[in-house]
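# Residue-level structural notes
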Amino acid sequence: MPIPSLKDQFAALIAAPSVSCTQAHWDQSNRPVIDLLAGWLGDLGFSCEVQEVTPGKFNLLASYGSGPGGLVLAGHSDTVPFDAELWTAEPLQLREADDRWYGLGVCDMKGFFALIIEAVLPLLDKPFRQPLLILATCDEESSMSGARALADAGRPLGRAAVIGEPTGLRPVRLHKGIMMEGIEIHGQSGHSSNPAYGHSALEAMHDVMSELIALRREWQNQYNNPLFDVPQPTLNLGCIHGGDNPNRICGQCSLEYDLRPLPGMEPDQLRDAIAGRLRPIADKHQVKIDLAPLFPSVPAFDQPADTELVKLAERLTGHVAEAVAFATEAPYLQQLGCETLVLGPGDIACAHQPDEYLDLDRIEPTVRVLRGMIEHYCLQPGRG
């Protein structure tokens with residue numbers, strides 16, 4: 001049975017709901033998307049392996065050809081939640097207007113899988129000297145559990161990996177990491193008429209915040225990468241909660257912050273540095289300070305500029321590889337031994353927004369670039 005046309009594939013992928021969210025009432029299984037892709041790729045002769053990561057959440061690894069090396073073309077099968085009333089039309093229905101396709105996931109990034117299929121179709125009757133692997137992961141938009149599970153399993157994938165996140169078809173070889181962390185201070189409440197009746201968690205938090213700001217300043221003086229629009233690491237004090245009444249010494253206070261490290265800054269070392277700076281504050285105020293990640297951190301990503309994949313992508317796209325502010329699954333594929341790059345047709349400015357779109361004039365160049373990569377890694381001799 002012939003697989004659907006490119007546009008019909010886009011339409012089917014967009015129509016298959018796959019929202020990933022930390023809020024349970026939004027969160028959905030990605031199985032409908034995985035089943036679509038496995039059906040189409042299976043019909044094309046790919047060997048398809050579906051892996052359940054957590055209940056209702058699945059990865060798909062489809063391979064064509066065999067042997068070591070080869071190319072991985074990867075993306076996530078989930079989308080962010082959406083505000084339907086802010087869209088011009090139904091978010092889960094593909095719409096064409098203004099030389100664009102509109103729909104949830106058309107840019108970020110379910111549509112990428114249809115473009116992979118379009119690129120490989122005319123090559124399937126040629127001998128594959130190295131395998132092509134198509135990877136669809138779950139929950140990138142929330143926990144990245146799909147990519148984390150692959151990294152934890154440690155199973156080698158391919159020689160090179162390209163993740164089709166929206167980069168405007170410009171190769172990306174660096175991005176910052178993400179650390180979202182919490183600080184909880186437990187003091188002793190008491191009557192405000194006498195400071196000796198308690199130990200103020202709020203006053204201790206004042207010193208904690210001052211120390212974090214000082215540490216941020218030190219890190220920004222120490223680390224700098226001019227390839228990024230914001231060349232230093234950032235630390236944002238995001239939200240704070242503490243106390244319950246003006247006439248009570250504050251017994252509990254919590255702070256949540258966001259730290260975006262540059263490549264070369266290891267999350268565990270940053271946490272140790274923060275913990276070391278806060279211990280004297282706990283002693284001074286006679287309070288207990290607990291530190292814990294709110295979510296597992298995402299490492300920063302850095303693929304060296306002189307590697308084969310980066311040079312190939314620069315030649316095929318005509319653009320020098322650059323750095324972006326958003327995080328991806330790239331460090332997890334890199335941990336599995338792949339040279340890794342982020343490269344996709346969409347624009348990040350319209351991702352996670354109402355009326356998400358993909359410009360139609362990006363389709364042909366994307367297919368050409370992907371086909372060139374498949375030919376380079378899978379069809380040419382001596383690429384093992």
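Numbering of residues starts from 1 in every chain and runs along the sequence as written. It should be noted that, the model being predicted, local features are given only for residues of pLDDT at least 70 and side-chain atom pairs only at 80 or more, the latter also being counted only at that level, while totals for whole chains, interfaces and linings use all residues. The basis for the side-chain values is all heavy atoms of the structure; hydrogens and waters are excluded.

An unreviewed UniProt entry lists the protein under the name Acetylornithine deacetylase, from Stutzerimonas xanthomarina DSM 18231. UniProt positions are given in the numbering used here, feature names are shortened, and annotations may be inferred rather than shown by experiment. Per its UniProt entry, the protein bears the Subcellular location (unreviewed entry) comment "Cytoplasm".

### Brief notes about the sheet that holds strand 18 (residues 357-359)
Strand order across the open sheet formed by 3 strands is 4-5-18, with antiparallel pairing between neighbours. Pairing within the sheet leaves two strands with one partner each, and these edge strands are strand 4 (95-97) and strand 18. Put simply, the sheet's adjacent strands are angled 25 degrees from each other on average, direction ignored. With 3 bridges connecting them, strand 5 (residues 100-102) and strand 18 associate as antiparallel partners. Residue pairing for strand 18: tryptophan 101 is matched across the bridge by leucine 358. A pair of strands counts as paired when DSSP detects no fewer than two bridges linking them. In this description a helix means any DSSP run of H or I spanning at least four residues, a strand means any run of E spanning at least two, and both kinds are numbered starting from the N terminus. Helix axes use the C-alpha atoms of the stretch in contact, all axes being lines fitted to C-alpha atoms, and the angles between their N-to-C directions lie in the range 0 to 180 degrees.

### Examining the sheet that holds strand 9 (residues 179-186)
Read across the open sheet, the 4 strands follow the order 11-13-9-14; overall the sheet is antiparallel. The open sheet is flanked by strand 11 (234-242) and strand 14 (288-293), the only strands paired with a single partner. This sheet shows a mean twist of 20 degrees between the axes of neighbouring strands, independent of strand direction. With 8 bridges connecting them, strand 9 and strand 13 (residues 252-260) associate as antiparallel partners. Bridge pairing links methionine 180 to aspartate 258 in strand 13. Here a residue-residue contact requires only that any non-hydrogen atoms of the pair lie within 4.5 Å. The strands touched by helix 6 (residues 267-285) within the sheet are strand 9, strand 13 and strand 14, with strand 14 carrying the most contacts at an inclination of about 165 degrees.

### Things to note about the UniProt feature "domain: Peptidase M20 dimerisation" (unreviewed entry) in the protein
Under the present numbering, the feature "domain: Peptidase M20 dimerisation" (unreviewed entry) in UniProt falls on residues 175-283. Between the first and last C-alpha atoms of residues 175-283 the distance is 37 Å; the span itself is 36% helix and 28% strand.

### Side note on a nonpolar patch on the surface
Nonpolar side chains (Val, Leu, Ile, Met, Phe, Trp, Tyr) are joined into patches within 5 Å and like charges within 9 Å, using only residues with over 30% relative accessible area and no salt bridge. For accessible areas, the Shrake-Rupley method is used with a probe of radius 1.4 Å. Any residue's cover is judged against the shown protein chains and nothing else. By definition, a salt bridge exists where a carboxyl oxygen of Asp or Glu is found within 4 Å of a side-chain nitrogen of Lys or Arg. Judged by side-chain polarity, Met180, Leu294 and Phe295 come together as a nonpolar surface patch covering roughly 240 Å² of accessible area. With respect to the element layout, phenylalanine 295 can be found in the loop between strand 14 and strand 15 (301-302).

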